[in-house]
Amino acid sequence: MFNKIAVPLDGSELAEVILPYVETVAQELKSDVDLLGVCEPADTRERLCGAYLNQMASQIKAGDAKVRPVVLRGKPAEEILDYAEKNKVDLIAMTTRGLSGISRWVVGSVAEKVLRASLVPVLLVRGQPLKKADLKSARLKKILVPLDGSALSESVLPYVIDLALGLGSDVVLLRVEAPVPEVVAMGGESVTLDPKQVAQQRAALQAEVKSYLEKVKAW
């Protein structure tokens, strides 16, 4: 399912925090990787950006997968989204923030725009420096999947299954429900409900949630 991953980079170390995760996914799922660098129009640093992406590409150990540097021109978020749509990208992977690098992106705002408008899945990793000792653990060991019982929330499941099977990740299914109230407002006054009825409603809700999650688990 994840045949091609697009990885936007701006030349900063914080943006590069995503690379160990991408490397793991590429190796395990045999996903090709496109490293994207976006230069603003009339930016004289396009050659420098290309050299930087070539350097990053040479350092990624992707196994049998291909790693390709791609230099784009325009506004970062728009170019990333346009590239993903036109080049059959299955996953966009990037950090949530970073320092301005070669292309001087405001990575937080770029990541937010990409997340809101992307038509393909987006993997976001918090942009904070990784120590060398942490590089080996930069993998998706456990995936938390919040569900609300709707078909829309369940649309994430095929992607989760593909990642979990390919990476050997544990999966935690989570559903959060509003608690059954013990006190309600009626006619401007607070009314305490019958404890037995409250207990019955809580038990019924717990049974419903458990049944739903068991059903999804067997999906």
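Note that the structure is a prediction, hence the values are computed from the model and not measured.

Undergrad: Which parts of the structure should I look at to understand helix α3 (residues 76–86)?
TA: Working note: α-helix, 3.6 residues per turn, so residues spaced by three or four point in the same direction. Along α3, the residues classified as buried are Pro-76, Ala-77, Ile-80, Tyr-83 and Ala-84. Down the axis of α3, the smallest arc covering the buried residues is 135°, so these residues share one side. For α3, the exposed residues lying more than 90 degrees away from the buried face are Glu-78, Glu-85 and Lys-86. Looking one or two residues beyond α3, the residue adopting positive phi is Lys-88, at roughly 55°.

Undergrad: What exactly am I supposed to notice about the pattern of salt bridges here?
TA: In a structure, side chains of opposite charge can pair up when their charged atoms sit close to one another. Summed over all chains, the structure comprises seven salt bridges. Across the pair Asp-34 and Arg-68 runs a salt bridge, and its minimum N-O distance is 3.2 Å. Of the two residues, Asp-34 is situated in strand β2 (residues 32–39) and Arg-68 in strand β3 (residues 67–73); the sequence distance between them amounts to 34 residues. Glu-182 is the partner of Arg-202 in a salt bridge, and the nearest nitrogen-oxygen pair spans 2.9 Å. Placement of the pair is Arg-202 in helix α8 (residues 195–217) and Glu-182 in the loop between β7 (170–174) and β8 (183–186), with a sequence separation of 20 residues. Given the relative accessible area of 35%, Arg-202 is considered partly exposed.

Undergrad: Explanation requested: the state of the cysteines in the structure shown.
TA: A covalent bond between the sulfur atoms of two cysteines is what we call a disulfide. Overall, the coordinates contain zero disulfides when judged by the stated rule. Of all cysteine sulfurs, the one in Cys-49 lies closest to Cys-39, which takes part in no disulfide; the gap is 4.0 Å. On the basis of relative accessible area, Cys-39 is assigned to the buried category, the value being 2%.

Undergrad: Just checking my understanding: could you explain the sheet that holds β2 for this structure?
TA: The strands making up a sheet associate through backbone hydrogen bonding, with each pair oriented either parallel or antiparallel. Strand order in this open sheet of five strands is β3-β2-β1-β4-β5, and the pairing throughout is parallel. Where the open sheet ends on each side, the last strands, each with one partner, are β3 and β5 (122–125). Each neighbouring strand pair of the sheet contributes to a mean axis angle of 25°, computed without reference to strand direction.

Undergrad: Please clarify how the pairing of β2 should be interpreted in this entry.
TA: When a strand is regular, its side chains alternate between the sheet's two faces. In terms of burial, β2 is a largely internal element, seven of the eight residues being buried. Sheet analysis places strand β1 (residues 4–8) next to β2, joined by five bridges and oriented parallel. Its bridge partner lying in β2, Val-7 is registered against Leu-35. A crossover connection joins β1 to the parallel β2 through helix α1 (residues 19–29); in handedness this β-α-β unit is right-handed.

About the thresholds
- Residues numbered from 1 in each chain as written.
- Predicted model: local features only at pLDDT ≥ 70, side-chain atom pairs only at ≥ 80, totals over all residues.
- Heavy atoms only, no water.
- Buried < 20%, exposed > 50% of the residue type's maximum accessible area, 1.4 Å probe, protein only.
- Helix = DSSP H or I, 4+ residues; strand = E, 2+ residues; numbered from the N terminus.
- Arc of directions from axis to C-beta.
- Salt bridge = Lys/Arg side-chain N within 4 Å of Asp/Glu carboxyl O.
- Disulfide = S-S within 2.5 Å.
- Pairing = 2+ DSSP bridges.
- Axes fitted to C-alpha atoms, helices over the stretch in contact; angles between N-to-C directions.
- Right-handed = clockwise from strand over helix to strand, strands pointing away.

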